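Given next are the chains, with one letter for each unit.
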Amino acid sequence: MIIKCPYCGPRDVIEFTYQGDATRTRPEPGSADQEAWNRYVFDRTNPSGAHREFWLHGGGCRQHLLVTRDMTTHAISSVAFARDAVKSATGERK
Amino acid sequence: MAEIQSPLGKAYVPGDHGNAAGGVGVTIRERRNLSIIQVTAWSDTIPAVLTAIGSATGLVLQNKAGLGRVAGEKSVFGFAPGRYFIVGATPELELRLRSVIAPDLATIIDLTHGRTVIRVSGPRAEWVLSKLFAIDFSEHAFPIAYGRATLHHDIHTNIQRIDDETFDLYVFRTFARSFWQTLGHAAEEVGYRVE
Ligand SMILES: [Zn+2]
């Protein structure tokens, strides 16, 4: 599998570390909602098809990436810097 | 100041090695007595840091992935967003950079004692390096003066292309002797010279 890093270009998967499902939402730090924490920590949808996930390009530019990958074919449809994707999702100013 | 010892030690054997019939496919040598400084800009200070690096070294970079410049012993290159190696024979290079880059612009780390620089040169350089690193070494994919951060056998290396057939490899000092031997094995097939 080859991931096309937005900074480094196409690199072999051996340079990357999987950092988990990017679709889950973390409860507020002060939340005592056990169900919400349980979902956040344990529940995964395991879809057959496109999936948003975090990868770390530790063997290159060391940036955290947001990758959309097809779980069946491993075809990657988009790669972005995670910080930009999170900022645009939360509306945070750059 | 104490003289820096090469970590290559007895593994550094000048002369011709490997396949003599192949001629000298690559020449390898250690670049010594360099200052190696890493500068990391904050996300909103990259243009200002590039200007400051330019005023300290005379090498001005645009903000573009992997871009670098080389002038004699001096070189600069990017290998991650806002992150640069600045290299030169000047012992005061770090002080010179600190005089123009305050902490609100970037962080500065002196890697002089942490990296060993190996120069690989010759008509078979791309071929030999392709055995060690899973990146495209052809000149259209890896232009002159550009930098890369990648791995050999899970160990980090920074690479800068110096000219059409010359590359500088920045490897961890503690792994330098092992890497030097691996590089020799990879180059045996084409014949290599140690200078
Ligand atoms: Zn990268």
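Computed from a prediction, not measured in an experiment: that's the story for all the values here.

1. Describing the overall build of chain A
Scanning chain A from terminus to terminus reveals two helices and six strands. Listed by position from the N terminus, the elements making up chain A come as β-β-β-α-β-β-β-α. Each of the three principal axes of chain A carries a C-alpha extent, and together these read 40 × 35 × 20 Å. Taking all contacts inside chain A whose residues are at least 6 apart in sequence as the whole, residues at least 24 apart take part in 43%. Surface summary for chain A: the accessible area is close to 6,000 Å², and the carbon and sulfur share equals 52%. Across chain A, the 13 positively charged side chains and the 11 negatively charged ones have centroids separated by 8 Å.

2. A short note on the confidence of the model for chain B
Of the residues in chain B, 99% reach a pLDDT of 70 or more, and the chain-wide mean stands at 96. Across the whole predicted complex the pTM is 0.93, and at the interface the ipTM reaches 0.91.

3. So, the sheet that holds strand 12 (residues 192-194) of chain B
Remark on secondary structure: sheet strands pair via backbone hydrogen bonds, oriented parallel or antiparallel. Residues and elements named next belong to chain B. Reading across the sheet, the seven strands line up as 1-12-2-8-11-10-9 and stay open at both edges, with mixed pairing between neighbours. Each having just a single partner strand, strand 1 (15-17) and strand 9 (147-152) make up the two edges of the open sheet. Across the sheet, the mean angle separating the axes of adjacent strands is 30° when strand polarity is ignored. Examined bridge by bridge, strand 2 (residues 26-31) and strand 8 (residues 115-121) share five bridges and lie antiparallel to one another. Paired with Glu-30 across the strands is Ile-118, a residue of strand 8.

4. Structural notes on unusual backbone geometry
The phi dihedral of His74(A) is positive, around 70°, even though this residue is not glycine. Structurally, His74(A) can be placed in the loop between strand 5 (64-70) and strand 6 (76-81). The class for His74(A) is partly exposed, based on a relative accessible area of 42%. At Asp154(B), a position not held by glycine, the phi torsion is positive, near 70°. Look at Asp154(B) and you get exposed, because its relative accessible area is 55%.

5. Describing empty space enclosed by the protein
Counted under the stated rule, the structure contains one cavity of 30 Å³ or more. Approximately 30 Å³ is the volume found for the largest cavity. Taken together, Tyr7(A), Gln62(B), Asn63(B), Lys64(B), Ala65(B), Gly82(B) and Tyr84(B) form the lining of the largest cavity. The residue makeup of the lining of the largest cavity, split by class, is three nonpolar, three polar and one charged.

6. Looking at the side chain of Arg119(B)
Looking at the secondary structure, you find Arg119(B) in strand 8. Beyond its immediate stretch of four places on either side in the chain, Arg119(B) contacts Thr27(B), Ile28(B), Arg29(B), Arg31(B), Ile162(B), Thr166(B), Phe167(B) and Asp168(B).

7. Structural notes on the coordination of the zinc ion
Residue and element names in this part refer to chain A. Taken together, Cys-5 (SG), Cys-8 (SG), His-57 (ND1) and Cys-61 (SG) make up the full set of protein donors to the zinc ion, lying 2.0 to 2.5 Å away. Viewed at the metal, the four donor atoms of the zinc ion are separated by angles of 104 to 121°, and the geometry they form is tetrahedral. Within one chain, the residues donating to the zinc ion are spaced in sequence as C-x2-C-x48-H-x3-C. Here Cys-61 lies in the loop between strand 4 (50-56) and strand 5 and Cys-8 lies in the loop between strand 1 (2-5) and strand 2 (9-12), a separation of 53 residues in the sequence.

What counts as what
Throughout this document, residue positions are counted from 1 along each chain, in the order its sequence is written. Throughout, the order in which chains and ligands are written sets their labels, letters from A for the former and numbers from 1 for the latter. This being a predicted model, a pLDDT of at least 70 is required before a residue's local features are given, and a value of 80 or more before pairs of side-chain atoms are given or counted; all residues contribute to the totals for chains, interfaces and linings. For the side-chain quantities, the full set of heavy atoms in the structure was used; hydrogens and water were omitted. Helical segments are the DSSP runs of H or I of at least four residues, strand segments are the runs of E of at least two, and each set is numbered from the N terminus. Note on definitions: a residue-residue contact is assigned when non-hydrogen atoms from the two residues lie within 4.5 Å. Methods summary: accessible areas were calculated by the Shrake-Rupley approach with a probe of 1.4 Å, and residue burial reflects only the protein chains presented. In summary, the charge assignment counts Lys and Arg as positive and Asp and Glu as negative, without counting His or the chain termini. The atom standing in for a charge is NZ when the residue is Lys, CZ when it is Arg, CG when it is Asp and CD when it is Glu. Confidence scores per residue from the predictor, reported as pLDDT, run from 0 to 100. Any two strands between which DSSP finds at least two bridges are classified as paired. Lines fitted to C-alpha atoms define the axes, with helix axes restricted to the stretch in contact, and inter-axis angles between N-to-C directions lie between 0 and 180 degrees. Partly exposed describes any residue whose relative accessible area lies between the buried limit of under 20% and the exposed limit of over 50%, with all areas from a 1.4 Å probe on protein chains only and scaled to the type maximum. Any residue with an atom within 4 Å of a point lines the site, the site being either a cavity, points on a 1 Å grid over the protein atoms alone where a 1.4 Å probe fits but cannot get out, or a pocket, an open set with protein on both sides within 12 Å along at least 5 of 7 lines. Grid points are joined across faces, edges and corners, and a volume is the space filled by probe spheres set on the points. By the convention adopted, Pro, Cys, Tyr, Trp, Phe, Met, Ile, Leu, Val and Ala count as nonpolar, Lys, Arg, Asp and Glu as charged, and the other residues, Gly among them, as polar. Water is absent from the atoms considered, so a metal site may look incomplete; donors are defined as N, O and S atoms within 2.8 Å of the metal, or 3.2 Å for Na, K and Ca. Note on geometry labels: four donors, all angles 85 to 135 degrees, give tetrahedral; four donors become square planar and six octahedral when opposite donors are over 155 degrees apart and every other angle is between 65 and 115; remaining cases are irregular.

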